[in-house]
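Fold and contact review
One letter stands for each residue in the lines below.
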Amino acid sequence: DMKKLYLAGSLFNEAEVAQRKLEGKLLRDSFKEKLEIFNPIEQPFNDNKDSLPSPNLIFLNDTKEVENADVFLADITNNDPGVMVELGIAISNHKYVIAIISDIRLKTANKYDIPTYGFNHYVLGGILENGVLVYSFKEAMEKIKDYLRENKDE
């Protein structure tokens, strides 16, 4: 039985858009027989801004996709408010959460007298209650492999 994955992350500049498209491709290439991927940047209206749906429609559609997913994979590096709302919905629906913070300051935060980066512990608690925090997309791919191995018979 194919599992569903929702891919969340900021989509507001060229680098973010390119990264989300790359992530979608890497996920499909690695898990094509095992995972159905929902990647918001690949929705038709994101290519054609004339057909842009209302904010209500975007919210309802993306929320439905989060609710239907088995795995919620999110790049939360930029604290994007939309991604955080999706994360809250994923947590409240008990999805398996894989959150990525690729900001290198997080790993060095305790090595200086003045902390270089902090992360909200409420959000972190929600992630850890439902899944894992990782520091790269590569690490996230490993966690997906583990998840699929452990849940293949459901």
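One structure accompanies this document, and this report is about it.

**Considerations on the packing of helix α2 (residues 55–68) against helix α3 (residues 81–92)**
Between α2 and α3, the least distance of the axes is 9 Å, while the angle of their chain directions is 40°. By the angle class used here, α2 and α3 are oblique. Pair α2 / α3 crosses with right-handed handedness. Residues Phe59, Asp62, Thr63, Val66 and Glu67 of α2 form the contact with α3, whose own contacting residues are Val85, Glu86, Ile89 and Ala90. Looking at the contact of α2 with α3, its residues break down into 5 nonpolar, 1 polar and 3 charged.

**Some words on the sheet that holds strand β2 (residues 35–38)**
Taken in spatial order, the 5 strands line up as β2-β1-β3-β4-β5 in an open sheet, and their pairing is parallel. Looking at which strands have only one partner, the edges of the open sheet turn out to be β2 and β5 (131–134). The average undirected angle you get between the axes of adjacent strands in this sheet is 20°. Looking at chain direction, strand β1 (residues 3–8) and strand β3 (residues 71–75) are connected through 4 bridges and run parallel. Residue pairing in the sheet places Tyr6 in a bridge with Phe72 of β3. Strands in contact with α2 are β1, β2 and β3; relative to β1, the strand with the most contacts, it is inclined by about 135°. Contacts from helix α6 (residues 137–150) reach β1, β2, β3, β4 (96–100) and β5 within the one sheet, and its direction differs from that of β4 by about 165°.

**Details of the pattern of salt bridges**
Using the criterion set out here, one finds 7 salt bridges in the structure. A salt bridge links Asp29 to Lys25; the nearest nitrogen and oxygen atoms lie 2.5 Å apart. Within this pair, Asp29 and its partner Lys25 are both found in helix α1 (residues 14–31), separated by 4 residues, close to a single helical turn. Its relative accessible area of 43% is what places Asp29 among the partly exposed residues. In the salt-bridge network here, residues are joined through shared partners; they are Arg20, Glu23 and Asp75.

Calculation rules
Residues numbered from 1 in each chain as written. Predicted model: local features only at pLDDT ≥ 70, side-chain atom pairs only at ≥ 80, totals over all residues. Heavy atoms only, no water. Axes fitted to C-alpha atoms, helices over the stretch in contact; angles between N-to-C directions. Helix = DSSP H or I, 4+ residues; strand = E, 2+ residues; numbered from the N terminus. Parallel < 35°, antiparallel > 145°, perpendicular 65-115°, else oblique. Left-handed = near helix turned anticlockwise from the far one by under 90°. Contact = heavy atoms within 4.5 Å. Nonpolar A, V, L, I, M, F, W, Y, C, P; charged D, E, K, R; others polar. Pairing = 2+ DSSP bridges. Salt bridge = Lys/Arg side-chain N within 4 Å of Asp/Glu carboxyl O. Buried < 20%, exposed > 50% of the residue type's maximum accessible area, 1.4 Å probe, protein only.

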